[in-house]
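So you can see what is in the structure, the chains are spelled out below.
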Amino acid sequence: MANCRNLRELLETIKSTGRLLTFSQEVDPRLEMAALIHQFGEQPVLFEQVKGSSYPVVAGICSDRELVALGLGVPKERLLFRLAEALAAGSRGNVQEINPAPSQEIVEERVSLHTLPILTHLPGDGGPYVTAGVVIVKDPDLGRNMSFHRLMRLDETHFAVRLVEGRGTHMAWQKAGGELEVAICIGNSLAVLLAAAMSPPPGVDELSIANALMPTPLVRCRTVELEVPAEAEMVLEGRITRQLVDEGPFLDLTETMDIVRRQPVVEIKCITHRRDALYQALLPGGMEHKLLMGMPREPTIYEEVSKVCDCINVLLTPGGASWLHAVVQIRKRDPDDGRRAIEAAFRGHASLKHVLIVDEDINIYDPAELEWAIATRLQADHDAIIFPDQPGSSLDPSALHVAGEKSRTAKMGFDATIPWRNASGALHTEGERAAFRKVRYPTV
Ligand SMILES: Cc1cc2nc3c(=O)[nH]c(=O)nc-3n(C[C@H](O)[C@H](O)[C@H](O)COP(=O)(O)O)c2cc1C
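Computed from a predicted structure; not experimentally measured.

Undergrad: In this structure, what is going on with the overall build of the protein chain? I would like to understand it.
TA: The secondary structure content of the protein chain amounts to 13 helices and 22 strands. At 23 Å, the protein chain has a C-alpha radius of gyration in line with the 22 Å of a compact globule built from 444 residues. Taken along its principal axes, the extent of the C-alpha atoms in the protein chain is 75 × 55 × 45 Å. Per-residue burial for the protein chain yields a buried fraction of 56% across its 444 residues. Counted over contacts in the protein chain with a minimum sequence separation of 6, partners at least 24 positions apart contribute 69%. Surface summary for the protein chain: the accessible area is close to 19000 Å², and the carbon and sulfur share equals 52%.

Undergrad: Please clarify how the side chain of lysine 353 should be interpreted in this entry.
TA: By secondary structure assignment, the location of lysine 353 is in the loop between helix H10 (337–348) and strand S20 (354–358). According to the relative accessible area criterion, lysine 353 is buried, its value standing at 15%. Within polar-contact distance, the side chain of lysine 353 engages the side chain of aspartate 396 at 2.9 Å. Residues in contact with lysine 353, not counting those within four places in the same chain, are Leu324, Phe346, Asp396, Ser398, Thr409, Ala410, Lys411 and Met412.

Undergrad: Explain the nonpolar core to me, please; I cannot follow it from the model alone.
TA: In a soluble, globular protein the nonpolar side chains are often hidden away together inside. Within the largest apolar cluster, 56 residues are counted, with the highest numbers of intra-cluster contacts made by Ile61, Leu72, Met146, Leu194 and Val228. Top contributing element to this core by residue count: helix H6 (residues 190–196), with seven residues. Apart from residues lying up to four places away in sequence, isoleucine 61 is in contact with Leu7, Leu10, Leu11, Ile14, Pro44, Leu67, Leu193, Gln280 and Glu288. Residues Met33, Phe47, Ala172 and Met234 belong to the second largest nonpolar core, which totals 40 residues.

Undergrad: Sorry, what's going on with the side chain of serine 322 here?
TA: Within the element layout of this structure, serine 322 appears in the loop between strand S18 (310–316) and strand S19 (325–331). Look at serine 322 and you get buried, because its relative accessible area is 2%.

Undergrad: Please explain the pattern of salt bridges as it appears in this structure.
TA: Between side chains of opposite charge, a pair can form when the charged atoms approach closely. Tallied over the full model, the rule gives 40 salt bridges. Put simply, glutamate 231 and arginine 5 hold a salt bridge, and the shortest N to O gap is 3.4 Å. Of this pair, glutamate 231 sits in the loop between strand S12 (227–229) and strand S13 (234–247) while arginine 5 sits in the segment before helix H1 (7–16), and the two are 226 residues apart along the sequence. By relative accessible area, glutamate 231 is classed as buried at 17%. Overall, arginine 5 belongs to the partly exposed group, its relative accessible area being 32%. Salt-bridge contacts for aspartate 246 lead to arginine 262; the nearest nitrogen and oxygen are separated by 3.1 Å. Highlighted residues: aspartate 246 in strand S13 and arginine 262 in strand S16 (residues 261–273), separated in sequence by 16 residues. Through salt bridges with shared partners, one network takes in Arg150, Glu247, Asp252, Asp258 and Arg261.

Cut-off values and rules
Residues numbered from 1 in each chain as written. Predicted model: local features only at pLDDT ≥ 70, side-chain atom pairs only at ≥ 80, totals over all residues. Heavy atoms only, no water. Helix = DSSP H or I, 4+ residues; strand = E, 2+ residues; numbered from the N terminus. Rg over C-alpha atoms; globule rule 2.2 N^0.38 Å. Buried < 20%, exposed > 50% of the residue type's maximum accessible area, 1.4 Å probe, protein only. Contact = heavy atoms within 4.5 Å. Areas by Shrake-Rupley, 256 points an atom, 1.4 Å probe, with all protein chains shown as cover. Polar contact = N/O pair within 3.5 Å; in protein donor to acceptor, adjacent residues only side chain to side chain. Core = buried A, V, L, I, M, F, W, Y, C linked by side-chain atoms within 4.5 Å. Salt bridge = Lys/Arg side-chain N within 4 Å of Asp/Glu carboxyl O.

Below you can see the structure in the form of structure tokens.
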């Protein structure tokens, strides 16, 4: 099993499995490249020749769980537990600093963002967007924060950055009075990508979490007081300003178009990069976007559900944009465990909208089997619980959105575990419960 400390080691590992697609003919980052990535099912891909840029582009490197498992060197079924361990270890971690660093082999103080192969994904987009950029800032009170933020290129030295209100970067920018130093890292290890997508408790350093997943040495930036992963492909240094511009429209996680909002301008003053740097892209609304959003929430749901019953596994399903829908698998020991698991799952992921609870005999990776559990084990008047008017995800187009306020939504949990009581409330015998199990044909 591989332990890939940076993007290029991951690319080599993927290549050795025969899964890497390579395009040697020139591809245009304006509309053509995103369409190709999509057309090839988001397979890991390297575009060697890019129109208008000397940087090759990679995409699709974590577009399914097998790839993430391969890169982290753990079996697919253990991913949730590996992330949970790193989340716990990260709050205690200290990260090594090195100098010199590969990400600073070249330092460009005359900046032109037009040299980067920034993709325009769809004809309706507000502009070319950096989508796999990991943003590092320092909160005046809480210290370092690392998070994903899409960046729309405005001109040679400026981006508009989407800062979701209330998230770490937005709060740091507000506390700093609207002027905040920033480093944007592109071409990151899996550990950095996963840690950047986590929301640990305030003050927990996501770079320590990355380091707990895979050794992630840091280097000090050249022009700002920030530390960044030393093995990133490139780092853009600058500041988030108080100037606001229109940002969007842009395709979001739910595969629907996000609206135009007034968002801060970022000014870039210096670019450092590896001598032969790769640029990393990911498709908005695609599988990589979904997995990176959803996978870090599985351990937080697992932890909450484990407090109230015996939780076996958690999956954020792609049909729910890997954000709004979860399946929670439990080993039921009490008639009310299903209901308890529903309530706990919502505590474990604030943006969760629907959750399905199933028993240990259900294959949670098989949508047909999940539907079968609903069909054969659930009576909606007992086993579906509706929570009206809850705080919900800003990403759900059907929620109620009021500018400056938390979105509101109804939430629903389905307990599709084997019922332990009959219609009159009496407990089923073990034999009656066994009758709910699928009869499997023997293998001959
Ligand atoms: C691919 C990807 C793109 C994202 N884009 C944005 C974005 O543009 N703006 C934003 O505020 N959050 C974005 N997020 C979500 C945050 O990175 C994520 O929720 C993070 O955990 C927030 O952490 P924090 O609350 O500690 O800041 C994105 C996440 C992923 C995985």
